[in-house]
Amino acid sequence: MKVLVAGASGFVGSRLCPALVEAGHEVVAMTRHPDTYAGAGTAVRGDVHDGNTLDAALEGCAAAYYLVHSLDAPDFETRDAQAAGTFGRAAAAAGLGRIVYLGGLGDDSDALSAHLRSRRQVETLLGDAGVAVTSLRAGIIVGHGGISWELTRQLVEHLPAMVTPKWVRTRTQPIAVADVVRYLVAVLELPEAAGRALEVGGPEVLQYVTMLRRVAAIKGRPLLIVPLPLLTPQLSSLWLSVVTDVDTTTGRALIDSMSNEVVVRDDAIRTLVPFELTSYDDAVRQALRERAEQKGAANKGAAGTGSAGHSAPGTGSTDMGLTGKGSTDDPPASPSSGPTNDR
């Protein structure tokens, strides 16, 4: 099947494209800068905020993955709504049979954050023009380069002790990025997945504070956590911008979402796509291995060219609009994401 991936250069998209190729699909990798794209598939220029670029990009495609988000923009809700509507109409005009979207978990009955409300709105707008949408709703996606994972890793690495707000007690269901990709590939041609929102999560439901402590244990680092319930979201986001390389706007959007419990309520996808899920600890170890490997390769390359001081990738843009400071990646609407979708 010929399938377009919007967000091909991001956190999830860069892993999804080779998986789709391996599964036998013809991949069209949509990016605003096809001349610099080095991933799997055939690069094509396209921008979800510019409808004039989408017709040519979608020509001949039977389906598309939508993995973009503008979370680093103050007006991300408006921008994402406009982009989703534009893409949905272009997909319908091109005759696509399905759009697969990576959204976010969260109970509709809950007072959802602006971030999670936006994810729900995008689900609807993508399908308003008549294309069937399969939405995979995820919480925190654990993998090297994912912004929510980077927050966790950097907090543990930079702070032997931390004062934390009440949201660290919120429950979530983190999932390995490899498992997300496996689900994304599987639902593409699954008849039972057409027009459905399917919830995906890892095998464990954990509080954020437990996640931090388990990363610290794996890394062999001390970690003292002192709760401070009165720490406001604005102060929390400023704190994150100081101790991590996540910008304040993105940090505030993520922190607002952390007051919402994001766990799987309907595990129907486990029957549709059965496989053994990766444990949280194993996902953390894999993310740390990938970071170490990329850092080693970057250092070797720097030594070979006589340059120094270059950091390894891992905190740049994700597919879901979650960019770190100084990102030079190609964020489709900004980044995954991953919540999500890259939370």
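Residues numbered from 1 in each chain as written. Predicted model: local features only at pLDDT ≥ 70, side-chain atom pairs only at ≥ 80, totals over all residues. Heavy atoms only, no water.

1. Things to note about the sheet that holds strand β3 (residues 42-45)
As summarised here, the arrangement of the 7 strands in space is β3-β2-β1-β4-β5-β6-β11, forming an open sheet in which the pairing is parallel. At either margin of the open sheet sits one strand with a lone partner, and together these are β3 and β11 (197-199). On average, each strand axis in the sheet is inclined to that of its neighbour by 25°, with strand direction left out of account. Bridge count for strand β1 (residues 2-6) against strand β4 (residues 63-66) is 4 bridges, and the pairing is parallel. Residue V3 lies in a different strand from β4, and its bridge partner there is A63. Strands in contact with helix α1 (residues 13-22) are β1, β2 (26-31) and β4; relative to β1, the strand with the most contacts, it is inclined by about 175°. (Pairing = 2+ DSSP bridges. Helix = DSSP H or I, 4+ residues; strand = E, 2+ residues; numbered from the N terminus. Axes fitted to C-alpha atoms, helices over the stretch in contact; angles between N-to-C directions. Contact = heavy atoms within 4.5 Å.)

2. What to know about the environment of G46
With respect to the helices and strands, G46 occurs in the loop between β3 and α2 (54-58). In this structure G46 touches M30, T31, R32 and T53, once residues within four positions along its chain are discounted.

3. Things to note about the packing of α1 against helix α6 (residues 177-187)
Between α1 and α6, whose axes approach to 10 Å, the crossing angle comes to 45°. Relative to α6, the element α1 lies oblique. Remark: the crossing between α1 and α6 carries right-handed chirality. Contacts between α1 and α6 involve R15, L16, A19 and L20 from the first element and V177, V181, L184 and V185 from the second. Tallied by class, residues from the contact of α1 with α6 come to 7 nonpolar, no polar and 1 charged. (Parallel < 35°, antiparallel > 145°, perpendicular 65-115°, else oblique. Left-handed = near helix turned anticlockwise from the far one by under 90°. Nonpolar A, V, L, I, M, F, W, Y, C, P; charged D, E, K, R; others polar.)

4. Here we look at the pairing of β2
Within β2, 5 of the 6 residues are buried, which leaves the element mostly enclosed by the surrounding structure. Sheet topology places β1 next to β2; 5 bridges connect them, and they run parallel. Looking at β2, one finds that V3 is bridged to V27. For the segment spanning β1, α1 and β2, crossover handedness is right-handed. Across 4 bridges, the pairing between β2 and β3 is parallel. (Buried < 20%, exposed > 50% of the residue type's maximum accessible area, 1.4 Å probe, protein only. Right-handed = clockwise from strand over helix to strand, strands pointing away.)

5. Considerations on the pattern of salt bridges
By the definition in use, this model includes 11 salt bridges. In this structure, the salt-bridge partner of E77 is R117, at a minimum N-O distance of 3.8 Å. Of this pair, E77 sits in helix α3 (residues 76-93) while R117 is found in helix α4 (residues 114-127), placing the two residues 40 residues apart along the sequence. Residue classification places E77 among the partly exposed positions, given a relative accessible area of 30%. Connected through shared salt-bridge partners, E150, R153, E157 and K219 make up one network. (Salt bridge = Lys/Arg side-chain N within 4 Å of Asp/Glu carboxyl O.)

6. Focus: the confidence of the model for the chain
Fine structural detail should not be taken from predicted coordinates in areas where pLDDT scores are low. Of all residues in the chain, 75% have pLDDT values of 70 or greater, and the mean over the chain is 82. Within the model, pLDDT remains below 50 along residues 307-343, and this stretch shows 173 contacts once partners closer than five positions in the same chain are excluded. (pLDDT = per-residue confidence, 0-100.)

7. Remarks on the packing of aromatic side chains
This structure, assessed with the given rule, holds 3 aromatic pairs. Where Y66 meets F87, the ring centres are 5.0 Å apart and the plane angle is 55°; that geometry is what we call tilted. Linking Y66 in strand β4 with F87 in helix α3, this pair joins segments that are 21 residues apart in sequence. This pair shows no difference in class: Y66 is buried, exactly as F87 is. Look at Y66 and Y101: their rings are 6.1 Å apart centre to centre, the planes differ by 50°, and that puts the pair in the tilted class. Remark: Y101 occurs in strand β5 (residues 98-104) and Y66 occurs in strand β4; sequence separation between them is 35 residues. Y101 sits in the buried class, given a relative accessible area of 0%. Ring-pair connections join several aromatic residues into one group, and the members of that group are Y66, F87 and Y101. One cation-aromatic arrangement involves R270 over F275; the distance from NZ or CZ to the ring centre is 5.5 Å. (Phe/Tyr/Trp six-rings, centres within 6.5 Å; stacked < 30°, edge-to-face > 60°. Lys NZ or Arg CZ within 6 Å of the ring centre and 35° of its normal.)

8. Remarks on the packing of helix α5 (residues 147-158) against helix α7 (residues 208-219)
The N-to-C vectors of α5 and α7 enclose an angle of 60°; their axes lie 9 Å apart at closest approach. What the angle tells us is that α5 and α7 run oblique. In this structure, α5 crosses over α7, and the sense of that crossing is right-handed. Residues W149, T152, L155, V156 and E157 of α5 form the contact with α7, whose own contacting residues are L212, V215, A216 and K219. Tallied by class, the residues present in the contact of α5 with α7 amount to 6 nonpolar, 1 polar and 2 charged.

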